[in-house]
Amino acid sequence: MRVKVLIVEDSKASREYIAAMVEAVEGIEVVVTSSGFEALKLLPRHRFELIITDINMPDINGLELINFVKKNPNYREVPLFIITTEGRDQDRERGLALGAAEYLVKPFLPGSLEALLRRYLKLP
Amino acid sequence: MSPGSKALAEFVAEATEILDALARDLLVLDERRGSEADPDLVNGIFRAAHSLKGLSGLFGQERISRLAHGTEDLLDRLRLGKLLLDGAVLDSLIEALDAFQALLGEAARGTESETLSARVEAMSARMASMGAPVEVAADDPLDRLELEAQVRSVFTEYEEHRLRENVRRGVSLWRVRAAFDLSDFDKGLAELNTRLKPLGEVISTLPSAQPGGAHGIAFDLIFGAQVDREALETGLKGTPAELSALTVRPAAAAATSALLQAVQPAATIHASAGAKSETRPGDAPTHDGAAGAAQDAVSGGVAAPDVPVRVTGAAPEAPRRGATPARGSRGAASRGTSEDAKASPAAGHSTSPKSGGKKKAVRATAAAMLPEAQQPLLSHVPEDMEPGPLEWPTSDADVPANAGGSPSPAPAPAPSSVPVVAYLQGAAKASPKGLSVAPMAPSGAPVGTPAALTADTSLRSLTQTVRVDIGRLDGLINMVGELLLIKANLQRLAESARQDGAVALSKLFGQELARETRGLERKLEALQEGLLEARMVPVGQVFDKLARLVRRITREAGKEIELAISGGEVELDKLIVEELSDPLMHLIRNAIDHGVESPDARLAAGKPRRAVVGLRAEQKGNHVVIEVSDDGSGIDEVRVREVAITRGLITFAQAQEMSRRELLNLIFQPGFSTARSVSELSGRGVGLDVVKNNLGNLSGIIDVWSERGKGTAFHLTLPVTLAIIRALLVGVSGRTYAVPLNSVLEIVSVQPREIRTVERREVLDLRGQTLPFVRLSRMFALPERPVGRHFVVVVGLAQERLGIAVDELHGQQDIVTKPLGGRLQSVRGISGATDLGNRRTVLVLDVAALLEEGMAVERRRA
Amino acid sequence: MSRFSELLDDFFYRPDEDVSGLQDFAAGSDGGLPAAPEEVPEEYLAFHLEGECYAVPIRGVREISKVPPLTEIPRAEPQLLGVMNLRGELLPVYDVKVRLRLAERAPLVAGPDAPAPPRSARILVLRTETGPAGVWVDGVVGVVKLKPSMLEAPPPGMRVGDRDCVVGMGRRGPMLYILLDAEQALAP
């Protein structure tokens, strides 16, 4: 049984890149979306074990998504990773304060993400 | 395609898309130079730079990433109000866009030029040093906004900045709550946004963490309204939105009141400056007349609205401290007030401490002098209880004209969301002459209608289009070409079955087969047509880019120019449109630099100061004609003749025989134009031979018209599509070549004795005219075969004619041409290749290049 | 391969790619970079040219094709034998024998007067900096794995003209492979 990971990122190239990295880890099924709205729609339809989200997105921002997830009893246990760019310290700090588990600074190598995924998803 | 090149293609495709969006938005900013920029627009441009940085970083495009980083950083400071958008900044952004385009071009080709790398470094350094550090204001206006820390904590830095700006400007702030069904909340939200956008700024959209029922979800939109409550309610009628006002406590009252007094010492001002320390949620911005006012007066314990209050020098208690926490669960509670207050000095905000107080005073004065203007949440200025439109100053001293009491909300002049080019095209359609003229000056820039604005703000994608790699379409077209070959074989089989049908059954079968084959043929033609249509894009795509260029060159050249664009909706093959931008840019550049006179010279010649450069496209049958014109000084053909003779392009004797038109066309000769000739001539010259070559590669023709004193026009005649062309198949020395039929004028059969030699050069007499003549076998150094007669294919482009002798004619055929890309680009006389079945590749002749070669031979003779 | 994994393939770190930029980036992260390469053999494709055995790194070979009818390009450099149509794609086909001094002139293989190609002849489609290019070879030997320790510098006598088309020699058992620098051999 593979676990589902949701990736929320509006840039297509980043999204596919990250999705490809996550997909490369055995035992993970990836669901991707380009918008926070879509993410809100997907949440009740899937059982996600982990969410990876960008911060700056056009509809709702990633912080709002984190807040939504963390405030919702149905999802609050789901770990969230935020993807940030260097220099946006305030956004990153807020994300962590809202309950994001980890942050990744773009661009990053597959190895770092894979290690984090394995740790949080308790994969062998 | 290898995985590497696929990734590169992916990168180039997405980067192009980002740059297109960037260019569009910058165009709008550029047009509105000098006026305040729409924060959404700046944010959009920032996001584009941000995406580009991420994208190029991922794909290892270091130079693009580096420049994007610098650009993003600059834009980030802009959108966060840490930097002012002045001319220098805007110019830098436009320059960066140009550099990005050049970088992307190099990335696509896999090259890296030193000059461009140096440019990136220089630009990055310059952008980093742009703008002065902003002094930190003593107080953060945001601290005065009563909003739960919890809500504030989910704002991004940018949203926080926009909120701060709205508070600072005294815009009334609302929480718009709406619940939707989970299945289609995005539609509902999009509609809500569409309604809200003309009424103000949606600062943030927060999904409510409270589960909105099993299938519902609620959102809080933080909204800065430019209209009063009534207008807001009207605007939201029919939506599930519920309004509640956000409270802003008054600013440091001591300073305000003191300054108020200083400015208007004896003024009698309604309401109180500092004593009214609280505005309750729900009623604050509304002021539905006396009831609300009375309620306010009672609950807030402030002076009745009609009681004049003299502002004295004794400052009331600092309102921030004295604020009573708001009551009621709907509104914002002021928990954490003291924390906010503590934190405030550190929080940056763009009002400098030196001028801050004075600015407040000015603003307060303006408000005081406009007693009708409603200032719902602007607690640091006196309040008035009469309903009226909300004042929304665009700068501290600038009061909108509508503040005086017109009931209809007039949105602040938002930057146009419609690029000027689209506007021009639209206007062109309505104009009877089909050519419209719009001034390039910012003052003439059209303002987007509310309808256009709303259409733009829908969150859903409005396009029904799918982006397809052109290579993929090429592949499909190739496949259709192959299917066409199979169909031809089937047809032949069917025909022979029908004719040889000795047995009745076989004959019947043959007829059936023939019928089905015809059906197949029709479907294939439809498929082919559909695919060709899929490749068509409006030529306006390239016109848009040119409009931007014109603005820039015009500024640089110190000329006054109106660009008249029409026919942007005319469609051409994507490949052709792409290839057109360079030649058109060249022509337009020449028109502005050399065709158009300076304003003074124009006035002296009795022309209007402002010159008109025209760019129009028109479909004529299977061709599209694009005209680049100017009303400048025209080309001096006498000078053209002199230059051509000096450079040895023609002899004096030849010049004597040439018509004016022929003389003008000499400007397309390689070697005609040099940098020097440009300044010498009243006209043009830079690389027109290059332009002509580019067009030749597209099977296009260029022609020039010019009249001294009146202007110049270049006409570019292009095929609508390149992918499938009708070709004449010819045989030479046992080889087969294809000649694009659109450049074939006629075919004549010639006996060897009819070929005459004039000064060691072969010519033909064609109806009394001497026709230059080449044998393709000799030109291509193929073994010549003795023939009883030649077929001479007469080809022509523009005014030039050439007879090309071949051995055989194999008939006409629709062919799918493939360019000789990659390593074969430099091959002369061949423009591409096609597949005629049986894996045989047939080369397509480059008629323009052959003409050039034939003409060169002729000129050498003279 | 799915589209994602193709993308992934391009992004993933590979020891044979220059990723210095990325490595800087990864410094400090617990990036899963492979340890220093030990004796990792590289795969080469070996082929015959005029009886000699040559080889090129297999990652530079896109595919191997039988010899289709070639169309000569008039007035092209002699090294360019012609163009071929490979599943709708137009590819130039080159001769490298003249440059390697294995032949006096390029063989006549294109046009109406060309004889049928020998049965064993093949076209190697190589990836080059300026796009894919076909190279005529007399026959394909197969894939050989060569470890770095099996590689030697080219003997001085092998230097050809002003270009170094030969980058080295590979010795595996009794076999000797001349390692060809395709980029140089195909340079105009």
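As the structure is a prediction and not an experimental result, all values here were calculated from the model.

> Explain the overall build of chain A to me, please; I cannot follow it from the model alone.
Scanning chain A for helices and strands turns up five helices and five strands. For chain A, the α and β elements follow one another from N to C terminus as β-α-β-α-β-α-β-α-β-α. Across chain A, every contact between residues at least 6 apart in sequence was considered, and the portion connecting residues at least 24 apart equals 62%. Carbon and sulfur atoms form 46% of the exposed surface of chain A, whose accessible area is close to 4600 Å².

> What's the story with the overall build of chain B in this structure? I'm lost.
On a plain count of helices and strands, chain B comes out with 28 helices and 27 strands. Buried residues in chain B amount to 53% of all 862 residues. Considering only contacts within chain B whose residues lie at least 6 apart along the sequence, 72% involve residues at least 24 apart. Carbon and sulfur atoms make up 54% of the accessible area of chain B, which totals about 37700 Å².

> What exactly am I supposed to notice about the nonpolar core here?
In a soluble, globular protein the nonpolar side chains are often hidden away together inside. Counting residues in hydrophobic clusters, the biggest one holds 64 residues, and the most contacted among them are Val22, Ile28, Ile52, Leu113 and Leu117 of chain A together with Phe11 and Phe100 of chain B. When residues of this core are assigned to their parent elements, the largest contribution, 11 residues, is made by helix α4 (residues 87-109) of chain B. In contact with Leu117 of chain A, other than residues within four places in its own chain, are Val22, Val25, Ile28, Leu50, Ile52, Phe81 and Lys122 of chain A. Counting residues in hydrophobic clusters, the runner-up holds 60 residues, among them Leu6 of chain A together with Leu189, Ile222 and Leu236 of chain B.

> Explain helix α3 (residues 62-79) of chain B to me, please; I cannot follow it from the model alone.
Within an α-helix, residues lying three or four positions from one another point in the same direction, as the helix has 3.6 residues per turn. All names here are of chain B. For α3, built from 18 residues, the straight-helix expectation of 26 Å at 1.5 Å per residue is met to within 8% by its first-to-last C-alpha distance of 25 Å. Burial of α3 is extensive: 14 of the 18 residues sit out of reach of the surface. In the stretch just after α3, Gly81 is the one whose phi turns positive, near 70 degrees.

> It is not clear to me how the pairing of strand β10 (residues 166-172) of chain C should be interpreted in this structure. Could you clarify?
For a regular strand, the rule is simple: side chains alternate between the two faces of the sheet. All names here are of chain C. Pairing between strand β9 (residues 151-152) and β10: two bridges, direction antiparallel. Within the sheet, the bridge partner assigned to Glu152 lies in β10 and is Met169. The sheet contact formed by β10 and strand β11 (residues 175-180) spans six bridges and is antiparallel. From the neighbouring strand, Arg172 faces β11, where its bridge partner is Met175.

> I keep staring at the sheet that holds strand β27 (residues 841-845) of chain B and nothing clicks. Help me out?
Two pairing modes exist for strands in a sheet, parallel and antiparallel, and in both the strands are linked by backbone hydrogen bonds. Residue and element names in this part refer to chain B. With mixed pairing, six strands are arranged side by side in an open sheet as β24-β16-β17-β27-β26-β25. The strands lining the two open edges of the sheet, one partner per strand, are β24 (808-816) and β25 (818-819). Across two bridges, strand β17 (residues 735-740) lies against β27 in parallel orientation. Directly across from Ala738, in β27, lies its bridge partner Val844.

> Hey, could you run me through the side chain of Ser65 of chain B in this one?
With respect to the element layout, Ser65 of chain B can be found in helix α3. In this view, Ser65 of chain B contacts Lys53, Ser56 and Gly57 of chain B; residues no more than four positions away in its chain are not counted.

> How do you make sense of the sheet that holds β9 of chain C when you look at a structure like this?
Residue and element names in this part refer to chain C. The strand order across the open sheet built from six strands is β8-β1-β2-β11-β10-β9, with neighbouring strands paired in mixed fashion. The open sheet has two edge strands with one neighbour each: β8 (139-146) and β9. Direction of pairing for strand β1 (residues 42-49) relative to β8: antiparallel, over a ladder of seven bridges. The partner of Phe47 across the bridge, within β8, is Val140.

> Teacher, can you tell me more about the packing of aromatic side chains here?
Where two aromatic rings form a pair, the distance of their centres and the angle of their planes describe that pair. By the definition in use, this model includes seven aromatic pairs over all chains. Ring geometry for Phe37 of chain A and Phe219 of chain B: centres 5.8 Å apart, planes at 75 degrees, overall edge-to-face. With Phe37 of chain A in helix α2 (residues 36-42) and Phe219 of chain B in strand β4 (residues 216-225), this pair bridges two chains. Neither residue differs from the other here; Phe37 of chain A and Phe219 of chain B are each classed as buried. Residues Phe180 of chain B and Phe219 of chain B carry aromatic rings whose centres are separated by 6.4 Å and whose planes lie at 55 degrees to one another, so their mutual orientation is tilted. Taken together, the residues Phe180 of chain B in strand β2 (residues 172-181) and Phe219 of chain B in strand β4 connect sequence positions 39 residues apart. Looking at Phe180 of chain B, the relative accessible area reads 10%, which means it is buried. Each member of the aromatic cluster is reached from another via a ring pair, and the members are Phe37 of chain A together with Phe180 and Phe219 of chain B. If you follow Arg79 of chain B out to its NZ or CZ, it ends over the ring of Phe46 of chain B, 3.7 Å from the centre.

> Would you mind going over the pattern of salt bridges with me for this structure?
Applying the stated criterion across every chain yields a total of 43 salt bridges over all chains. Linking Glu597 of chain B and Lys607 of chain B is a salt bridge whose minimum nitrogen-to-oxygen distance equals 2.8 Å. Of this pair, Glu597 of chain B sits in the loop between α20 (574-595) and α21 (599-604) while Lys607 of chain B sits in the loop between α21 and β12 (611-620), placing them 10 residues apart in sequence. In this structure, Arg62 of chain C engages Glu63 of chain C in a salt bridge whose closest nitrogen and oxygen atoms are separated by 3.0 Å. Arg62 of chain C sits in the partly exposed class, given a relative accessible area of 22%. Looking at Glu63 of chain C, the relative accessible area reads 18%, which means it is buried. Here the salt bridges do not stand alone but share partners, grouping Glu597, Arg602, Lys607 and Asp631 of chain B into one network.

> How should I be thinking about the packing of α3 of chain B against helix α5 (residues 114-128) of chain B in this particular structure?
All names here are of chain B. Interaxial distance between α3 and α5 falls to 9 Å at its minimum, and their mutual angle equals 20 degrees. On the basis of their axis angle, the class for α3 and α5 is roughly parallel. Our pair here, α3 against α5, has a crossing hand that is left-handed. Note on element contacts: α5 touches α3 through Leu116, Ser117, Val120, Glu121, Met123, Ser124, Met127 and Ala128, opposite Arg63, Arg66, Leu67, Gly70, Thr71, Leu74 and Arg77. When the residues that make up the contact of α3 with α5 are grouped by side-chain class, the tally is seven nonpolar, four polar and four charged.

> Would you explain the UniProt feature "modified residue: 4-aspartylphosphate" (unreviewed entry) in chain A in this entry?
All names here are of chain A. Listed under "modified residue: 4-aspartylphosphate" (unreviewed entry) in the UniProt record, and renumbered for this structure, are Asp54. As for its position among the elements, Asp54 is in strand β3 (residues 48-54). The exposure class assigned to Asp54 is buried, which follows from its relative accessible area of 3%.

> I would appreciate a short explanation of the UniProt feature "modified residue: Phosphohistidine" (unreviewed entry) in chain B in the present structure.
Using the residue numbers shown here, the UniProt feature "modified residue: Phosphohistidine" (unreviewed entry) corresponds to His50 of chain B. Structurally, His50 of chain B can be placed in helix α2 (residues 39-58). Setting aside anything within four residues of it in sequence, one finds His50 of chain B in contact with Thr85 of chain A together with Glu72 of chain B.

> I tried to follow the environment of Ala187 of chain C on my own but got confused; where do I start?
Tracing the chain through its elements places Ala187 of chain C in the segment after α3 (182-186). For the pair formed by Ala187 of chain C and Thr128 of chain C, sequence separation is 59 residues and the distance between their alpha carbons is 9.7 Å.

> Could you clarify how one ought to interpret a nonpolar patch on the surface in this entry?
On the surface, a cluster of nonpolar side chains totalling about 250 Å² of accessible area is made up of Leu483, Ile486 and Leu527 of chain B. Tracing the backbone shows Leu483 of chain B in helix α17 (residues 470-499).

> Help me understand the interface of chain A and chain B in this model?
A common way to express how large an interface is: the accessible area buried when the components associate. Each partner contributes residues to the interface: chain A has 34 residues there, and chain B has 40 residues. Interface area, chain A with chain B, both sides summed: about 3100 Å², of which 55% is carbon and sulfur. Taken together, chain A and chain B are joined by two salt bridges. For the salt bridge of Glu160 of chain B with Arg94 of chain A, the shortest nitrogen-to-oxygen distance reads 2.5 Å. For the side of chain A that touches chain B, the residue count by class is 14 nonpolar, eight polar and 12 charged.

Conventions adopted
Residues numbered from 1 in each chain as written. Chains lettered and ligands numbered in written order. Predicted model: local features only at pLDDT ≥ 70, side-chain atom pairs only at ≥ 80, totals over all residues. Heavy atoms only, no water. Helix = DSSP H or I, 4+ residues; strand = E, 2+ residues; numbered from the N terminus. Contact = heavy atoms within 4.5 Å. Areas by Shrake-Rupley, 256 points an atom, 1.4 Å probe, with all protein chains shown as cover. Buried < 20%, exposed > 50% of the residue type's maximum accessible area, 1.4 Å probe, protein only. Core = buried A, V, L, I, M, F, W, Y, C linked by side-chain atoms within 4.5 Å. Expected span 1.5 Å × (residues − 1). Pairing = 2+ DSSP bridges. Phe/Tyr/Trp six-rings, centres within 6.5 Å; stacked < 30°, edge-to-face > 60°. Lys NZ or Arg CZ within 6 Å of the ring centre and 35° of its normal. Salt bridge = Lys/Arg side-chain N within 4 Å of Asp/Glu carboxyl O. Axes fitted to C-alpha atoms, helices over the stretch in contact; angles between N-to-C directions. Parallel < 35°, antiparallel > 145°, perpendicular 65-115°, else oblique. Left-handed = near helix turned anticlockwise from the far one by under 90°. Nonpolar A, V, L, I, M, F, W, Y, C, P; charged D, E, K, R; others polar. UniProt positions renumbered as here; feature names shortened; annotations may be inferred. Patch = residues over 30% accessible without salt bridge, like charges linked within 9 Å, V, L, I, M, F, W, Y side chains within 5 Å. Buried area = accessible area lost by both parts, 1.4 Å probe.

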